[in-house]
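Observations on chain architecture
Residues per chain are reported as follows:
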Amino acid sequence: MAQLHAWDVIVITCRDEPTAGAYEKELKVRQAKGLIAESTRLLAVADPDARVGSGGATLNALLVAAELLSSQDGYTAVTEDVLKKSEGRPARKILILHMGRDFPFDACSRCFVSIPGLWNVNDQSHLALCSVMTHLDYLLYMLDRICAGSPPGVWVSSSDMILFDKNPAQSGPMINWGDFTGGVMAVAIPGSKDYAKRHGVYRIGEQSEICDIVFQGNAEQIDACSLDTGLVPIVSGIVFMCPNTASKLLDLQSEPPLENCTYLGIDSGNSPLNVSLYFDMLLSLAKDVSQAEYEAGSRPGTYGQGSAVGPGSTHTDSNAEDRRKARAMVWKRLRLAGVTMHAGLLSNLEHDYIDLYPRQYIERLQRLGELPDVVAGQNSFVFGRKTHSFVKEMDKLSDSSVLVNCLCSAVTTVGENTVMMNCRVEVPGTVSSGCLLNSVTFSEERCQGMPSPFIIPENTAVLSFSQRADSDSAVVCFGTKDELEGTTESGTFCGDSWAAFFQRTGIASSDLWDEDCTKKTLLNARLFRRGCASLAAVLWLSGGCKVASEGQLEAWRAAERVSIADVLPAVNVAAEFSSRSRLSAEIVVAVQRHALHTCQPLSWVSSFRSTARNGHADLLFTMLDGVASESADPGVRARALAGIADVLAAVAGDGNGLRSGPGANRGWKAAYKQLQEGNVKEGVALLAAEREKWMNSRQALCGTAPDASPLLRPRELLRAARHYEGAAQILISQAVKTAEQFATIKHEEEPVPMGKWVKVEAPARADIAGGWSDTPPITYEHGGSVTNVAFMVKGKRPIGAKVKRIEEPLLRLCLVSAQPIVVECKELSDMEDYCIPTAKAALLKTAFYCMKVVDLQSSVSLRDQLMSSYGGGFELHTWSDLPSGSGLGTSSILAGVVIAAILKVVGHAVDKDAVTHMVLMVEQMLTTGGGWQDQAGGLFGGVKISRSPRQLPLRVEVEPLNLSEETLREFNRRFVVIYTGRTRLARNILQEVIRSWYGQLPRIVNTAKALVAGSEECAEAFRQGDLEKVGACMSRYWEQKKVMAYGCEPDTVRQFMKALKPHVYGQSMAGAGGGGFMYVLMKEPDTGAEVAKRVLDESNITSFEVYGSALDPNGLWIEVEQ
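Since the structure is predicted, the reported quantities are computational estimates derived from the model, not experimental observations.

The helix and strand tally for the protein stands at 35 helices and 47 strands. C-alpha atoms of the protein, sized along the principal axes, occupy 125 × 75 × 60 Å. Relative to its 1122 residues, the protein shows a buried fraction of 59%. Residue pairs at least 24 apart in sequence account for 70% of intrachain contacts in the protein once pairs closer than 6 positions are excluded.

This part is about the sheet that holds strand β39 (residues 873-880). Reading across from one edge, β38-β37-β39-β36-β33-β47 is the order of the 6 strands in this open sheet, with mixed pairing throughout. Whereas interior strands pair on both sides, the edge strands pair on one side only; in this sheet they are β38 (821-825) and β47 (1117-1120). Taking each pair of neighbouring strands and ignoring which way they run, the sheet shows an average axis angle of 15 degrees. Sheet topology note: the strand β37 (residues 811-815)/β38 ladder contains 5 bridges and is antiparallel. Directly across from Leu811, in β38, lies its bridge partner Cys825. Each of β37, β38 and β39 touches helix α25 (residues 842-850); the most contacted strand, β37, lies at about 140 degrees to it.

The next thing to look at is the environment of Trp119. Tracing the chain through its elements places Trp119 in strand β4 (residues 114-122). Judged by its relative accessible area of 2%, Trp119 is buried. Along the sequence, Trp119 and Ser389 sit 270 residues apart, while their C-alpha atoms lie 15 Å from each other.

Within a beta sheet, neighbouring strands are joined by backbone hydrogen bonds and run either parallel or antiparallel to one another. Taking strand neighbours across the sheet as the criterion, the 3 strands line up as β20-β23-β26 in an open arrangement whose pairing is parallel. Taken across any chain shown, the strands that pair with only one partner, and hence form the sheet edges, are β20 (412-414) and β26 (454-456). Between one strand and the next, the sheet's axes are offset by a mean angle of 10 degrees, whatever the strand orientation. One ladder, built from 3 bridges, connects strand β23 (residues 429-431) with β26; its direction is parallel. Within the sheet, the bridge partner assigned to Thr430 lies in β26 and is Ile455.

Attention now goes to the state of the cysteines. Across all of its chains, the model carries 0 disulfides by this definition. For the unlinked cysteine Cys108, the closest cysteine sulfur is that of Cys111, found at 10 Å. Counting only cysteine sulfurs, Cys406 is the nearest neighbor of Cys423, a cysteine outside any disulfide, at a range of 4.6 Å.

Let's shift gears to the packing of aromatic side chains. One pass over the structure, following the stated rule, counts 38 aromatic pairs. For the ring pair Tyr23 and Phe112, a centre distance of 4.9 Å and an interplane angle of 20 degrees mean the geometry is stacked. Placement of Tyr23 in helix α1 (residues 17-33) and of Phe112 in the loop between β3 (93-98) and β4 is noted, with a sequence separation of 89 residues between them. Side by side, Tyr23 and Phe112 carry an identical accessibility label, which is buried. Here the aromatic rings of Trp498 and Trp513 are separated by 5.3 Å at their centres, their planes lie at 70 degrees, and the arrangement is edge-to-face. In this pair, Trp498 sits in helix α11 (residues 498-505) while Trp513 sits in the loop between α12 (509-512) and β31 (528-529), placing the two residues 15 residues apart along the sequence. The burial state of Trp498 is the same as that of Trp513; both residues are buried. Connected via pairs of aromatic rings, a cluster forms that spans Phe493, Trp498, Phe501, Phe502 and Trp513. Between the NZ or CZ atom of Arg367 and the centre of the ring of Phe164, over which it lies, the distance is 3.8 Å.

Our next topic: empty space enclosed by the protein. One pass over the structure, following the stated rule, counts 8 cavities of 30 Å³ or more. Taken as a whole, the largest cavity encloses approximately 80 Å³ of empty space. Along its surface, the largest cavity is lined by Tyr138, Tyr141, Met142, Asp165, Pro168, Leu371, Pro372, Val374 and Phe383. Ranked by the residues each element gives to the lining of the largest cavity, the list is headed by helix α3 (residues 135-147), at 3 residues. Among the residues making up the lining of the largest cavity, the classes are represented as 8 nonpolar, no polar and 1 charged.

Turning our attention to unusual backbone geometry. If a residue is not glycine, its phi is most likely negative; likewise, a peptide bond is most likely trans. Residue Pro256 is joined to Pro257 through a cis peptide bond whose omega torsion reads 5 degrees. Inspection of the secondary structure puts Pro257 in the loop between α6 (243-251) and α7 (263-267). The omega torsion of the bond from Ser452 to Pro453 falls at -5 degrees, within 30 degrees of zero and hence cis. A positive phi angle, close to 85 degrees, is found at Trp772, a residue other than glycine. Within the element layout of this structure, Trp772 appears in the loop between β34 (764-769) and α24 (778-781).

This paragraph deals with the environment of Ala901. Secondary-structure assignment places Ala901 in helix α27 (residues 890-905). A relative accessible area of 0% places Ala901 in the buried class. Each residue touching Ala901, except ones within four places of it in the same chain, is listed here: Val758, Val760 and Val803.

Here helix α16 (residues 573-597) spans 36 Å end to end across 25 residues, near enough to the 36 Å set by a 1.5 Å rise per residue. Backbone geometry just after α16 places Cys599 at a positive phi near 55 degrees.

For the pair helix α17 (residues 605-613) and helix α19 (residues 634-652), interaxial distance at closest approach is 8 Å and the crossing angle is 50 degrees. In terms of orientation, α17 and α19 fall into the oblique class. Like other packed secondary-structure pairs, α17 and α19 cross with a definite hand, here right-handed. Together, Phe608, Arg609, Ala612 and Arg613 of α17 and Gly643, Val647, Ala650 and Val651 of α19 make up the contact between the two elements. Looking at the contact of α17 with α19, its residues break down into 5 nonpolar, 1 polar and 2 charged.

To continue, consider the confidence of the model for the protein. A residue-level look at the protein finds 95% of positions with pLDDT of 70 or above and a mean pLDDT of 91. In this model residues 123-127 is a low-confidence stretch, pLDDT under 50, and it forms 10 contacts with partners more than four residues away in sequence or in other chains. Scored below 50 in pLDDT, residues 306-316 makes 19 contacts in the model with residues more than four places away or belonging to other chains.

Our focus in this paragraph is the environment of Tyr1037. Examined against the element boundaries, Tyr1037 turns out to sit in helix α33 (residues 1027-1044). Distance in space between the C-alpha atoms of Tyr1037 and Asp767 is 9.3 Å, their sequence separation being 270 residues. A distance of 2.5 Å separates polar atoms of two side chains, one belonging to Tyr1037 and the other to Asp767.

In terms of residue burial, strand β40 (residues 943-948) counts as a mostly covered element, since 5 of its 6 residues are buried. Pairing of β40 with strand β41 (residues 957-960) involves 4 bridges; the strand directions are antiparallel. Among the inter-strand pairings, Arg947 is bridged to a residue of β41, identified as Glu957.

With that settled, consider the side chain of Lys33. Relative to the assigned elements, Lys33 resides in helix α1. No salt bridge forms around the buried Lys33; measuring N to O, its nearest opposite-charge neighbour Glu26 is 7.8 Å away. Reaching out from Lys33, the side chain makes a polar contact with the side chain of Ser131 at a distance of 2.7 Å.

A few words on the pattern of salt bridges. The final tally for this structure, using the stated rule, is 71 salt bridges. Glu740 is paired through a salt bridge with Lys852; the nearest N and O atoms lie 4.0 Å apart. Taken together, the positions of Glu740 in the loop between α23 (714-736) and β33 (758-762) and Lys852 in the loop between α25 and α26 (862-870) put the pair 112 residues apart, joining distant regions of the chain. Relative accessible area serves as the criterion here: at 44%, Glu740 is assigned to the partly exposed category. Judged by its relative accessible area of 60%, Lys852 is exposed. When the shortest N-O distance is used, the salt bridge between Lys1041 and Asp767 registers 2.8 Å. Here Lys1041 is found in helix α33, whereas its partner Asp767 is found in strand β34, with 274 residues between them in sequence. Each member of the pair, Lys1041 as well as Asp767, is classed as buried. Linked through salt bridges whose partners overlap, the residues forming this network are Asp646, Arg659, Glu725, Glu992 and Arg995.

Procedures and definitions
Residues numbered from 1 in each chain as written. Predicted model: local features only at pLDDT ≥ 70, side-chain atom pairs only at ≥ 80, totals over all residues. Heavy atoms only, no water. Helix = DSSP H or I, 4+ residues; strand = E, 2+ residues; numbered from the N terminus. Buried < 20%, exposed > 50% of the residue type's maximum accessible area, 1.4 Å probe, protein only. Contact = heavy atoms within 4.5 Å. Pairing = 2+ DSSP bridges. Axes fitted to C-alpha atoms, helices over the stretch in contact; angles between N-to-C directions. Disulfide = S-S within 2.5 Å. Phe/Tyr/Trp six-rings, centres within 6.5 Å; stacked < 30°, edge-to-face > 60°. Lys NZ or Arg CZ within 6 Å of the ring centre and 35° of its normal. 1 Å grid on protein atoms, 1.4 Å probe; cavity = no way out; pocket = protein on both sides within 12 Å on 5 of 7 lines; lining within 4 Å. Points joined across faces, edges and corners; volume = space filled by probe spheres on them. Nonpolar A, V, L, I, M, F, W, Y, C, P; charged D, E, K, R; others polar. Expected span 1.5 Å × (residues − 1). Parallel < 35°, antiparallel > 145°, perpendicular 65-115°, else oblique. Left-handed = near helix turned anticlockwise from the far one by under 90°. pLDDT = per-residue confidence, 0-100. Polar contact = N/O pair within 3.5 Å; in protein donor to acceptor, adjacent residues only side chain to side chain. Lys, Arg positive; Asp, Glu negative; His and termini not counted. Salt bridge = Lys/Arg side-chain N within 4 Å of Asp/Glu carboxyl O.

Next comes the structure, spelled out in structure tokens:
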């Protein structure tokens, strides 16, 4: 698969080891799906202590990455050489991502927060994987654009900002690396001076050197950083270090006191040291910053600023002296060593810091949902305010609302400017305007005590966090207009002042904060009951929700209570990821179940593959088993079983074998029998039982003793998938058999006298446009239309049969060829192999059975059946003058010819419409499947358009086109048939097309629509006598065939068509392609054979042969011996 930037190592820093394990697993999920290169080493590194700062976290992450690479390169100790270029190996590219502080709006941090978009990966085999996008996915994409063209080295990035690309269509590197000679490249993004008041700003010199870094400066300091545009260069949180600089930084990890920033220092018993990446490290490289000013550490943003080592000290700092020594060491090792720092100014980006203001967070997500879709290689990012969600009634959602990964199985009204992410809504309710909901479940149990339907008041945030110590989640609420860090004097809770809150609830300040708490904020207020997931208990605090208040205060006081600040460090991140993944799978199930039951075309390929890869195939199996059992529509049942086959293949994974193959293992025989007898529910249950055996036990496959543990062997899963496709084919057959009501048999006259031959012949057919749309299930799920012509080959109808009644009570079946085959059926048992296509005379046996001449289920012998009904048996001969695998519809037309002959000899009417539908029945009984265009093309003469509407029962309607004599004559003069000398290899083509159709792959669905439209256009061109347009339709049809059946164009055919193109209006291979015949419509009349032979000679192609051909206006021809 294609992926974004090929990093050697990606390191994520985070709070603690459990979180690190969850993050590393998520990185590996993205690697498995193709977003990250397979060769990239992935690490999630817990900070050695919560107090090491961004600089300490960077140094520790760099150390861990260097240790990994040192071990990989065969070193026994860590060495900075692994960062640099060496003999036979280029320098490495390393990415360090910092997770930053706890985030109160999402349990998975700013980096893994869900955003309104889908990330898709498509590989060359048209398979796809999709996932709900997180900020990490978008950030990796943006870093890919920023890092394009960079030399090797170490990139360090914060994850606490969204980078909006003002010009996503721009190609090429964002940074000009031509003048970069080493050191540090700090990424700067222009922003307003008002925005800069809350952030860091670079002051940049004339040569792009960074002269100073200002954090939350005053107006004068910010003005000094102005660019020519009046904006200022914002510190983006992204920096690059060349290998030499990164090596110098790595050297510091062994130097006291900086070793105290790393896990090695902590493991040595030292106290952690807080170090800022920007103000304790990178500030040393700012050109206009002096050594004294830097080492004093007095800058805002510097850890320990204002301490004893800085001027104006008002409090002590136990690490002050160590921190000063650390800065002195950084100055010596970096600044005095000549390391420089320059700015890469990215004017096409916008920096948006993810702060703690709920209202701004809602607006940020709304804006993300409006971003244009982007494509990066075979990765695509599709944005939308309603992303991967199932909503029972979409019209109850406000256009401005944002839903991401939400399952609303009950009627839900969502107001304006509301964001819901990772939520389940199982009971009816309303989420009012301006709300923020994340990971909340609205169930009967959790909504006890709330009004029904429930109502979430305006401007309310309700958030749920999985907790490590509790089996249940912690649920918190506040107002989306509240300031989480606002004090009790100026702040609010759910829009009320704290004084009003105390008065309304009876809660006192001492209930929420200790007496010695110096800054009382919403973040550290102990408002929420530990382990209580009751929404009524939480929303009682807000005052805007009509919940029963009786006893709430007493229960609240009696409970152990926690603040948001207590909840965040205790989040069980792994449980959050698992819950969201499971919810995503449940949404896929709900969406696909709805689509199946309502017969809506919806692709399942990417969602099934992603769901199965995420370990939730069980949900898909349960849903699809249910649909297959419950639906009364045979088409829907077949689609559900085909879906199970796709899920099995997805669990098996890519590259473990071919999907197509036999599906007649005896273990599945009982299930097949139930399906064939119409006992679908029982059949589906048996299929599921056999599936479980194949998935979980080797004993089911090869008779060995049961394994100690279940096994999931890919090859066996693919074999099981083939059997599910076989089961689906049984149900497709049942859907097609609904055409039986149009295959009526009418008695017309007395049987033909004993011994008199009935001879029936038919022309071949050439499909000019629309083929494949006649193939079940496409034809009854989408509707089909095919324009084709009946033509004679070498002056005669090439497909024929003759039958006569004989006195012997048997069936004598003769296949006329160079090596004729004669089969005699004297007993019913001689016909039991009628449904095996490879059995001798299988088609002929099936025709007698289908026409009810013979009843194979009867207890009456074949002899007695024939004698009582017909006074004897039948002798039937069949032949075809066309090569095997011609692509001209031989087998279906032959079935029609045989049916017509049998009908005629026993005295029944031969109605072409009825015979067309009878052929469908015969082919389903024969288990060869196939569509209806072949028999329609050969039984009806001349040029015709045949259609089947999108419905069951399946009905084919043939409309002969009444063309002028001139049009017919000119078509005959230009139409040339050429045999390629290569047998058409149709094996598995039909299976693959049906599989792609059921998966609703866009290329197949769109082509099916184009096929039907092309057929209608071609028929109109015939009516108008516009042969040039007919030829254009023919050539376009060939291109469509190549989409439907990839690889159906042999090299010699491609070469010949290219050489012939200047001479023709159009050209196409017959049928599904791959071999057999092709036909062309010449520009000049009466030149076809001559031009074709000349082109063949010039192309040195010797295997092709030009056949004489002419339109047959009559089609099916019947002659009775007199």
